[in-house]
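Inside the fold
Okay, here's what each chain looks like letter by letter:
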Amino acid sequence: MKVVCAGGGPASLYLAILLKARHRGWDVSVHERNPAGATYGWGVTYWPEMLETLAAHDDVSARAIEKHSVRWNGGVAHIRDRTTTHHGDEGFAIGRHRLLEILAERATSLGVDVHYGHVLTPESPALEGDLIVAGDGSRSRLRDQHAEHFGTQVSLGNNRFVWLGTTRVFRSFTFAFVETDHGWLWCYAYGFDGTHSTCIVECSPRTWAGLGLDAMERADALKLLEDLLAEPLRGHPLIDRTDADGPSPWQRFRTVTNRVWSHGNLVLLGDAAHTTHYSIGAGTTLAMQDAMALARALSEPGTLPSALGRYERVRRRELLPLQSAARHSANWYENLTRYIHLEPHEMFALLGQRHSPLLPHIPPQLYYRVDRAVDRTQALRSLKGWLGPRVARLLQKK
């Protein structure tokens, strides 16, 4: 079989690794439009169980990813001039550039042809193959050529965000909420190597425009953000990206959905098929899990259409709870003023509960008190676990 992957992100590269490792005689290629080493973003996060899953699928790349990852513990929230902490959560992070380098090296070692600076358009001769994989992101050109068939829908979030880096190395997953004359601005930050951290800054459109971030020169905007986030940054600078696409733009999050994921021998993978809000930190994990599911489906007996159908059914089912959690998480931040005036420990507790479908419909302080009581009673914990998904389904039907 000849497999052509458009886009050189984690999903395409990992799919190429899995296919070539299982089927040495297959012709597998990956085509990335940017030069080698050019990528957006800073670091990506994943959870310990994901490392176990990676090891079960390809131990060589899993060991390399673990070697170059850092571990973060617990959470810290700075709210105005007060700080609260939460112990227990633990995860990993790795630089996106390093992750792609590891996957590309592994793919190449297996015999995958990895091409850089090569844009695949619908008319490209290189698109001739038994299977064409559109792993070219949320703005996929290959998908958009057949947008009507795929039933592609894109909705934009309300808030504005920008993806930055910093030389402050955060050892815990850190949130900082700052009140300005034009409303609240906040960041999510986590270390991904020994020298740098990711710092995603977000605010409402009113705050974004009120602070002048919509029209400000880039250097001035970074200086303003450094001043506003001076406490968590501790004097460290914010750094813009310098990849082939230029500085990080202020964006509204694009939620992408598709009615179907395949069209003939063309199949969608990762963000081309679906996106999940960055606030749950699962985008890269879900993209690589797509690759696992597609590789498994292609390795089972049957025709190509049946394999693509199995892949889509499995991933849709697995994604449902995570997509629901992402929607509720994004909604929590878009309605921050509902929670920000609570005591810091209460607000941080509800930040951890932002995936709940019940939270938007119950007064925050009441939810906090009930949730504390529930956590102390096994019977109530069971009722909460049973009730939450059912309330979510009822709300979706309205």
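Residues numbered from 1 in each chain as written. Predicted model: local features only at pLDDT ≥ 70, side-chain atom pairs only at ≥ 80, totals over all residues. Heavy atoms only, no water.

On to the overall build of the chain, then. The helix and strand tally for the chain stands at 14 helices and 16 strands. With respect to the three principal axes, the spread of C-alpha positions in the chain is 60 × 50 × 40 Å. When each of the 398 residues of the chain is scored for burial, the buried share is 52%. Long-range pairs, those at least 24 residues apart, make up 71% of the contacts in the chain with a sequence separation of at least 6. Looking at the chain as shown, the accessible area adds up to about 18,200 Å², and 52% of this sits on carbon and sulfur atoms. (Helix = DSSP H or I, 4+ residues; strand = E, 2+ residues; numbered from the N terminus. Buried < 20%, exposed > 50% of the residue type's maximum accessible area, 1.4 Å probe, protein only. Contact = heavy atoms within 4.5 Å. Areas by Shrake-Rupley, 256 points an atom, 1.4 Å probe, with all protein chains shown as cover.)

Now for the environment of Ala295. Relative to the assigned elements, Ala295 resides in helix α10 (residues 283–299). With a relative accessible area of 0%, Ala295 lands in the buried category. A sequence separation of 16 residues divides Ala295 from Tyr311, and the C-alpha atoms of the two residues are 8.6 Å apart. Beyond its immediate chain neighbours, meaning those up to four positions away, Ala295 contacts Leu15, Leu18, Leu19 and Arg22.

Reading across the sheet, the 6 strands line up as β6-β2-β1-β7-β16-β15 and stay open at both edges, with mixed pairing between neighbours. Looking at which strands have only one partner, the edges of the open sheet turn out to be β6 (113–116) and β15 (262–263). (Pairing = 2+ DSSP bridges.)

Once that is clear, we can look at the packing of helix α2 (residues 48–57) against helix α3 (residues 59–67). Contact geometry for α2 and α3: axes closest at 6 Å, N-to-C directions at 145°. Of the residues in α3, those in contact with Leu51, Leu54, Ala55 and His57 of α2 are Asp59, Ala62, Ile65 and Glu66. Taken together, the residues that form the contact of α2 with α3 break down as 5 nonpolar, 1 polar and 2 charged. (Axes fitted to C-alpha atoms, helices over the stretch in contact; angles between N-to-C directions. Nonpolar A, V, L, I, M, F, W, Y, C, P; charged D, E, K, R; others polar.)

Moving on: the nonpolar core. Tyr14 and Leu15 are the most contacted members of the largest nonpolar core, which has 63 residues in total. When sequence neighbours within four positions are dropped, the list of residues in contact with Tyr14 reads Leu54, His57, Asp58, Ser61, Leu103, Met288, Ala291 and Met292. Judged by nonpolar contacts, the second largest core, of 32 residues, contains Trp72, Tyr190, Ile200 and Leu351. (Core = buried A, V, L, I, M, F, W, Y, C linked by side-chain atoms within 4.5 Å.)

The next thing to look at is the pairing of strand β1 (residues 2–6). Judged by how many residues are buried, β1 sits mostly within the fold: 4 of 5 residues are covered. The pairing of β1 with strand β2 (residues 27–32) spans 5 bridges and is classified as parallel. Note that in β2 the partner of Val3 across the bridge is Val28. Remark: the β1/helix α1 (residues 10–22)/β2 crossover connection has right-handed handedness. The pairing of β1 with strand β7 (residues 131–134) spans 4 bridges and is parallel. Looking at the pairing, Cys5 lines up with Val133 of β7. (Right-handed = clockwise from strand over helix to strand, strands pointing away.)

The subject of this paragraph is the pattern of salt bridges. A complete count under the given rule lists 14 salt bridges for this structure. In this structure, the salt-bridge partner of Arg106 is Asp58, at a minimum N-O distance of 2.8 Å. With Arg106 in helix α4 (residues 96–110) and Asp58 in the loop between α2 and α3, this pair connects stretches of sequence that are 48 residues apart. Neither Arg106 nor Asp58 differs from the other in exposure class; each is buried. Among the ionic pairs, Arg372 bridges to Asp371, the shortest N-O distance being 2.7 Å. Assessed through its relative accessible area of 27%, Arg372 is described here as partly exposed. Connected via shared salt-bridge partners are Asp290, Arg315 and Glu318. (Salt bridge = Lys/Arg side-chain N within 4 Å of Asp/Glu carboxyl O.)

Mapping Leu342 onto the fold places it in the loop between α11 (304–334) and α12 (344–352). With a relative accessible area of 12%, Leu342 lands in the buried category. Once the C-alpha coordinates of Leu342 and Arg141 are considered, the two residues, 201 residues apart in sequence, prove to be 45 Å apart. When near neighbours in sequence (up to four residues on either side) are disregarded, Leu342 contacts Met347, Leu350, Pro364 and Gln365.

Time to look at the packing of aromatic side chains. Within this structure, the stated rule accounts for 16 aromatic pairs. Measuring from centroid to centroid gives 5.3 Å for Tyr46 and Phe92, while their planes differ by 10°, and the two rings are stacked. Taken together, the positions of Tyr46 in strand β3 (residues 43–46) and Phe92 in strand β5 (residues 82–95) put the pair 46 residues apart, joining distant regions of the chain. An identical accessibility class is assigned to Tyr46 and Phe92; each is buried. (Phe/Tyr/Trp six-rings, centres within 6.5 Å; stacked < 30°, edge-to-face > 60°.)

Function-wise, these values are silent; they only describe arrangement.
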